[in-house]
Amino acid sequence: MNFTKKNGFFELRDFFILWSTQSISQLGSSITGFALTLWLYEKTGSSLGTAALTICSYAPYVLMSIFAGALTDRFDKMRTMLCCDVFAAMCTIIVFVLFRTNNLMVWHLYVLNAVSGLMNTVQQPASEVAMTLIMPEKYYQKTSGLRSLSRSMISILNPLIATSLYSFAGLNGVIAVDFGSFIVAFVALLFFIKIPENKSDKRDSVFVLVKEGLTFLRETPLILALISFMCGVNLVASAFDAALPGYVLPNPKGGASVLGIVTSCSGVAMIIGSVIVSALPKPKDRVKVIYLTMLFSLGTENFLLAFSREPVLWCIGQIIGWILVPVMSANLDVILRSTIPVELQGRVYACRNTFQFFSIPIGLFLGGFMVDHVCEPFMRIYGDLSILKTLFGTGKGSGAALMMLLLGVSGSLICIITGSKLKKYQYIEK
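Residues numbered from 1 in each chain as written. Predicted model: local features only at pLDDT ≥ 70, side-chain atom pairs only at ≥ 80, totals over all residues. Heavy atoms only, no water.

Asks: Teacher, can you tell me more about the pattern of salt bridges here?
Replies: When charged atoms on two side chains of opposite charge get close, those side chains can pair. The final tally for this structure, using the stated rule, is 3 salt bridges. Taking the shortest distance from any N to any O, the salt bridge between Arg-13 and Asp-14 comes out at 2.5 Å. Among the salt bridges present, the one from Arg-337 reaches Asp-333, with a minimum N-O distance of 3.1 Å. Pair noted here: Arg-337 and Asp-333 are both in helix α14 (residues 325-339), with a separation of 4 residues, about one helical turn. On the basis of relative accessible area, Asp-333 is assigned to the buried category, the value being 11%. (Salt bridge = Lys/Arg side-chain N within 4 Å of Asp/Glu carboxyl O. Helix = DSSP H or I, 4+ residues; strand = E, 2+ residues; numbered from the N terminus. Buried < 20%, exposed > 50% of the residue type's maximum accessible area, 1.4 Å probe, protein only.)

Now the structure itself:
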């Protein structure tokens, strides 16, 4: 088949290669992360201990993102991504060596996750700018739907593959798959993708570039308001992620395999949502879509899980909670890419990462801490009360159910209060 420049596939060739191979690499990394969570929970039995793995990944991401974006705008995007991939792969190899020699300890994982998180801090804004450079603006919503689709597939396959590999091949098999996915992405990026040079890349000092990113946010109140809103959403969502293993794993009807199935249901929902958003026409009000979808998600899933004891209902809750996330993500992505000039995207995206995602490690810590040290002890003392027993059950895991209720209330309030403030902003489509 002959392709012309007007042919969508030809125009998006580099995007398809980069998107697909990076998705494979992300799947490999996610499989390792999930398997390590299972390994760590077996060792510690602590929700906070397992949440600390993700905290260590996000801490450098939050602390250093604001500078990483400025570095991204100074250096070649492809080389930056390749170097970060190599360092992340080295961390995986170190985990493999330590495990094979029976020297792997919990603190090793925390340190290596921090290093891997630092590499992701630099790579993520470089990847975002690279995506912008290789695709025409008219495809932003469609490609955002495809990226949501790949994230959805990762959410489905990651826990299923991880639990299967971990059960039959242990960490050895998991890490082998992860390293193979790295090779695929590295070779594709090095030999088969051409990322156009951004002529506007600047050689100013990092601090000057950071200041430009912060200035743009301060002078663009719509973007700053959306970032603040998503910061609150991420706080609740990350606390949920920390509480979920402590809710499912100790439950008599739960366990590692059930946790994998429940987690994968979020991916099923996101696939459906990705198909929906790829087919939808442009909405009249993208801002309104963003806060209403999140109100629906946070105001349904947490309550359903808090009061249910059946894995089928947990799966339904995950589907309800995640099906509209791609719709939100696509509309947010269009607003960001079309509002932020491409020459500023690296530093602005990095500033966005710091402000929007700093609540994730806080939420993970609070979620794990509340389950282990507040909600579970509370249910041990007062769980025999008939109303608490009826609402949240008994035994270990009932405290995590109580935490789900608290998250449902707080998530709904955040969306109602901060979402109402977004009404005064109007995004005008170009």
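Now, onward.
Asks: Just checking my understanding: could you explain the side chain of Asp-372 for this structure?
Replies: In this fold, Asp-372 is placed in helix α16 (residues 359-382). Aside from chain neighbours lying at most four places away, what touches Asp-372 is Ser-46, Ser-47, Leu-48 and Pro-377. (Contact = heavy atoms within 4.5 Å.)

Asks: Is there a simple way to think about the packing of aromatic side chains in this case?
Replies: In this description, an aromatic ring pair is defined by two values, namely the gap between the centres and the angle between the planes. By the definition in use, this model includes 9 aromatic pairs. Considering the side-chain rings of Phe-179 and Phe-182, the 5.6 Å spacing of their centres and the 40 degrees angle between planes classify their relative orientation as tilted. Highlighted residues: Phe-179 and Phe-182, both in helix α7 (residues 170-191), separated by 3 residues, approximately one helical turn. (Phe/Tyr/Trp six-rings, centres within 6.5 Å; stacked < 30°, edge-to-face > 60°.)

Asks: Would you take a moment to explain α14 for this structure?
Replies: In an α-helix, one turn spans 3.6 residues; hence positions three or four apart end up facing the same way. End to end, α14 covers 21 Å across 15 residues, agreeing with the expected 21 Å (1.5 Å per residue, within 8%). With 14 of 15 residues buried, α14 lies mostly within the body of the structure. (Expected span 1.5 Å × (residues − 1).)

Asks: Just to check I follow, could you spell out the nonpolar core for this structure?
Replies: Nonpolar side chains in soluble globular proteins tend to end up buried together. Grouped together as the largest cluster of nonpolar side chains are 80 residues, with contacts concentrated most on Leu-226, Phe-229, Leu-244, Tyr-247 and Met-404. In contact with Met-404, not counting residues within four places along its chain, are Phe-240, Ala-243, Leu-244, Tyr-247, Asn-302, Leu-305 and Ala-306. One finds Met-81, Ala-126, Leu-189 and Ile-193 within the second-largest nonpolar core, a separate group that totals 20 residues. (Core = buried A, V, L, I, M, F, W, Y, C linked by side-chain atoms within 4.5 Å.)

Asks: How do you make sense of a nonpolar patch on the surface when you look at a structure like this?
Replies: On the surface, a cluster of nonpolar side chains totalling about 770 Å² of accessible area is made up of Ile-93, Phe-96, Val-97, Phe-179, Ile-183, Val-187, Leu-190, Phe-191 and Phe-192. Residue assignment for the nonpolar patch shows that the elements contributing at least two residues are α4 (77-100) and α7. Counting residues per element, the nonpolar patch draws most heavily on α7, which supplies 5 residues. Turning to its location among the elements, Ile-183 is positioned in helix α7. (Patch = residues over 30% accessible without salt bridge, like charges linked within 9 Å, V, L, I, M, F, W, Y side chains within 5 Å. Areas by Shrake-Rupley, 256 points an atom, 1.4 Å probe, with all protein chains shown as cover.)

Asks: Please explain the environment of Asp-384 as it appears in this structure.
Replies: Note that Asp-384 resides in the loop between α16 and α17 (386-392). Assessed through its relative accessible area of 65%, Asp-384 is described here as exposed. With 11 residues separating them along the chain, Asp-384 and Gly-395 place their C-alpha atoms 9.9 Å apart.

Asks: Explain helix α15 (residues 345-357) to me, please; I cannot follow it from the model alone.
Replies: Under the 1.5 Å per step criterion, the end-to-end length of α15 is 17 Å for 13 residues, consistent within 8% with the ideal 18 Å. α15 sits mainly inside the fold: 12 of its 13 residues count as buried.

Asks: I keep staring at the packing of helix α5 (residues 106-134) against α15 and nothing clicks. Help me out?
Replies: Any two packed helices are characterised by the angle at which their axes cross and by the distance between the axes. The contact between α5 and α15 brings their axes to 9 Å, and the two run at 135 degrees. Considering their axes alone, α5 and α15 lie oblique with respect to each other. Both α5 and α15 take part in a crossing whose hand is right-handed. Packed against α5, whose contacting residues are Gln-124, Pro-125, Glu-128, Val-129 and Thr-132, the element α15 presents Gln-345, Gly-346, Tyr-349, Arg-352 and Asn-353 at the interface. Split into classes, the residues belonging to the contact of α5 with α15 amount to 3 nonpolar, 5 polar and 2 charged. (Axes fitted to C-alpha atoms, helices over the stretch in contact; angles between N-to-C directions. Parallel < 35°, antiparallel > 145°, perpendicular 65-115°, else oblique. Left-handed = near helix turned anticlockwise from the far one by under 90°. Nonpolar A, V, L, I, M, F, W, Y, C, P; charged D, E, K, R; others polar.)

Asks: It is not clear to me how the environment of Val-111 should be interpreted in this structure. Could you clarify?
Replies: Checked against the element boundaries, Val-111 lands in helix α5. Take Val-111: its relative accessible area is 42%, and that puts it in the partly exposed class. When the C-alpha atoms of Val-111 and Cys-91 are compared, they prove to be 9.6 Å apart, with 20 residues separating the residues in sequence.

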